[in-house]
Amino acid sequence: MKLGYSSNAFVRMSLFSAIKQIADLGFGGIEIMGDRPHLYPPDWNDEALQYLKKNIHNKGLHITNINSFTLFAVGDTYLPSWIEAGASRREMRVTHTLQSLHMADQLGCTNISVPPGGPLPSGMSRKEALRLFHAGLDQVIPLAEELGVKILIEPEPDLLMENTKQIRSFITDIRSPQVGINFDIGHFFCAGEEPGESFQELLPWIGHVHIEDIAATRQHHHLIPGQGAIDFETVLQAIKNTGYHGDISLELYTYADKPKEAGEESLDHLLPIFETVGFPPANLLRTGE
């Protein structure tokens, strides 16, 4: 297990600058934003990807995940989505996912994360939206199986799937071991759930974890751990008890004005808790260049 930091907190600098800062902070891993301004697939050729892979390795970092959720290069945080009414818009999401799978394979990363459908379009039934999402996944699963790279669906507030019941119902219908869940602790808290309990129920499908804090209001706004209401000792103890050994990445895109300081404060709060529940910090952090 490595504790990573998502590069989407560093959107005001280049990916290479973000890599350096994340390594200097001591994180053991980096989650790479699979979108502009960082790793939007059409912007990178094979030679550039190999240079990037070498740079990350030389900094002593492990790639925890390619975060292919947003599509700012051609849309926004949620769009184009898997469930838009227009077929050409859905195809953009499918193409981006296929390209992200290829990039992950070239970089030696074993998983990418994707949105859980998208916002339900006006006038579209939930049944139709679920059908469209399944149809989109059917176009990308064969490549994921060929490459051995997992597609991790990330439930999020106000999207097609936001809670344990919804994602479990959906994912149990998918007959591929290459489709799983990116478990965002804060998102399940926003949905009114106890994240530790949700984690235990969804464990068979969880391939990566996002960590951040959320206010007591459960409003979806990522906070530095320790500034919100999540009981991280209880949550991390529950994760430890399941035997989960995958990676965990800090996701603080809300702190683009001070990502370094947010990372430092997060480590100060989280590392003692990781140690208390039985995750030795030395195993989570960078081991040196």
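It should be emphasised that the depicted structure is a prediction, and the values quoted were computed from it without experimental measurement. (Residues numbered from 1 in each chain as written. Predicted model: local features only at pLDDT ≥ 70, side-chain atom pairs only at ≥ 80, totals over all residues. Heavy atoms only, no water.)

Asker: Quick question: what am I supposed to make of the overall build of the protein chain here?
Answerer: Scanning the protein chain for helices and strands turns up 10 helices and 8 strands. Rg of the C-alpha trace for the protein chain: 18 Å, near the compact-globule value of 19 Å for 289 residues, within the 12% margin. When the backbone C-alpha atoms are referred to their principal axes, the protein chain occupies close to 45 × 45 × 35 Å. Here the protein chain holds 289 residues, and the buried ones make up 54% of them. With the model as given, the accessible surface of the protein chain reaches about 11700 Å², and the carbon-plus-sulfur share is 48%. Of the charged side chains in the protein chain, 22 are positive and 37 negative; the average position of the first set lies 3 Å away from that of the second. (Helix = DSSP H or I, 4+ residues; strand = E, 2+ residues; numbered from the N terminus. Rg over C-alpha atoms; globule rule 2.2 N^0.38 Å. Buried < 20%, exposed > 50% of the residue type's maximum accessible area, 1.4 Å probe, protein only. Areas by Shrake-Rupley, 256 points an atom, 1.4 Å probe, with all protein chains shown as cover. Lys, Arg positive; Asp, Glu negative; His and termini not counted. Charge placed at Lys NZ, Arg CZ, Asp CG, Glu CD.)

Asker: Would you take a moment to explain the pattern of salt bridges for this structure?
Answerer: Pairs can form between side chains of opposite charge once their charged atoms are near each other. One pass over the structure, following the stated rule, counts 7 salt bridges. When the shortest N-O distance is used, the salt bridge between Asp 24 and Lys 20 registers 2.7 Å. Of the two residues, Asp 24 and Lys 20 both sit in helix 1 (residues 15-25), 4 residues apart, roughly one turn of that helix. Take Lys 20: its relative accessible area is 44%, and that puts it in the partly exposed class. (Salt bridge = Lys/Arg side-chain N within 4 Å of Asp/Glu carboxyl O.)

Asker: Any chance you could explain the sheet that holds strand 8 (residues 248-250) here in plain terms?
Answerer: The pairing of strands in a sheet happens through backbone hydrogen bonds and is either parallel or antiparallel. Strand order around the closed barrel formed by 8 strands is 1-2-3-4-5-6-7-8, with parallel pairing between neighbours. Put simply, the sheet's adjacent strands are angled 30° from each other on average, direction ignored. Two strands pair when backbone bridges link them, and strand 5 (residues 150-153) and strand 6 (residues 179-184) are joined in this way by 3 bridges, in the parallel orientation. By the bridge assignment, Leu 152 is partnered in strand 6 with Gly 180. Contacting strand 2 (29-33), strand 3 (62-67), strand 4 (111-114) and strand 5, helix 3 (residues 87-107) crosses the sheet at an angle of about 155° to strand 4. Strands in contact with helix 4 (residues 126-147) are strand 5 and strand 6; relative to strand 5, the strand with the most contacts, it is inclined by about 150°. (Pairing = 2+ DSSP bridges. Axes fitted to C-alpha atoms, helices over the stretch in contact; angles between N-to-C directions. Contact = heavy atoms within 4.5 Å.)

Asker: Where do I start with the packing of aromatic side chains in this structure?
Answerer: We describe a pair of aromatic rings using the distance from one ring centre to the other and the angle between the two ring planes. Taken as a whole and judged by the stated rule, the model has 11 aromatic pairs. On the numbers, 5.4 Å between centres and 35° between planes, the contact of Trp 82 with Phe 133 is tilted. Residue Trp 82 is located in the loop between strand 3 and helix 3, and its partner Phe 133 is located in helix 4; the two are separated by 51 residues in the primary sequence. Residue Phe 133 is classed as buried on the basis of its relative accessible area of 0%. Ring geometry for Phe 183 and Phe 199: centres 5.1 Å apart, planes at 80°, overall edge-to-face. Of this pair, Phe 183 sits in strand 6 while Phe 199 sits in helix 7 (residues 195-202), placing them 16 residues apart in sequence. Judged by its relative accessible area of 0%, Phe 183 falls in the buried class. With a relative accessible area of 0%, Phe 199 lands in the buried category. Here the aromatic residues Phe 183, Phe 188, Phe 199 and Tyr 244 are joined through ring pairs into a cluster of three or more. Here Arg 218 stacks its cationic end above the ring of Phe 189, 3.9 Å away from the centre of that ring. In this structure, Lys 240 packs its charged tip against the face of Phe 279, placed 5.0 Å from the ring centre. (Phe/Tyr/Trp six-rings, centres within 6.5 Å; stacked < 30°, edge-to-face > 60°. Lys NZ or Arg CZ within 6 Å of the ring centre and 35° of its normal.)

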